[in-house]
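What the coordinates show
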Amino acid sequence: MASFANPFAGNVPRKMTKEELIQAIRLNIAGELEAIFVYDAHVQATDDPLAKKVIADIRDEEKAHVGELITLLRILDPEEAEHFAEGEGEVKEMLEQLNITPKPHFKNNSVKD
Ligand SMILES: [Fe+2]
């Protein structure tokens, strides 16, 4: 989460190599996931309707950021994208074994036949 004590903590003293950029994107994804976790905890911890709505909206924007970063990672690292696809395929097989039909949004957008 935030580390305000050191304003230079995120600085990189030079341009990153592609491999370093890929690592940085993984770190960015972890930061977005942590933000989602914290915002969601705050949504669950308040009954104030406005605060709940605003914080939930921000939480959902962070989810979109995860999608953007994963898409970027897939483009920058096609081999990693193959691993993602492998994992998606394994879950799809498990769904079929358990005779579970995912909701249309998931089926159409996330798991390819
Ligand atoms: Fe974000």
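1. Comments concerning the overall build of the protein
Counting its secondary structure elements, the protein contains four helices and zero strands. If one aligns the C-alpha atoms of the protein with their principal axes, the spans along those axes are about 50 × 45 × 15 Å. The contacts of the protein with a sequence gap of at least 6 include a subset with a gap of at least 24, amounting to 50%.

2. Some words on the confidence of the model for the protein
Put simply, the protein has an average pLDDT of 92, and 90% of its residues get 70 or more. Averaged over each element, pLDDT in the protein is lowest for helix H4 (residues 104–109) (63) and highest for helix H2 (residues 49–76) (98).

3. Notes on helix H3 (residues 78–97)
A rise of 1.5 Å per residue sets the reference length of H3, with its 20 residues, at 28 Å; its end C-alpha atoms lie 29 Å apart and thus fit the reference within 8%. Across the 20 residues that make up H3, only a small minority, zero, are buried.

4. Observations regarding the domain arrangement of the protein
If you check the domain split of the protein, you get domain 1 (17–76) and domain 2 (79–113). A straight line from the C-alpha centre of domain 1 to that of domain 2 covers 22 Å.

Calculation notes
- Residues numbered from 1 in each chain as written.
- Predicted model: local features only at pLDDT ≥ 70, side-chain atom pairs only at ≥ 80, totals over all residues.
- Helix = DSSP H or I, 4+ residues; strand = E, 2+ residues; numbered from the N terminus.
- Contact = placed C-beta atoms within 7 Å.
- pLDDT = per-residue confidence, 0-100.
- Expected span 1.5 Å × (residues − 1).
- Buried ≥ 20, exposed ≤ 12 C-beta atoms within 10 Å, placed from the backbone.
- Domains from an automatic or database assignment.

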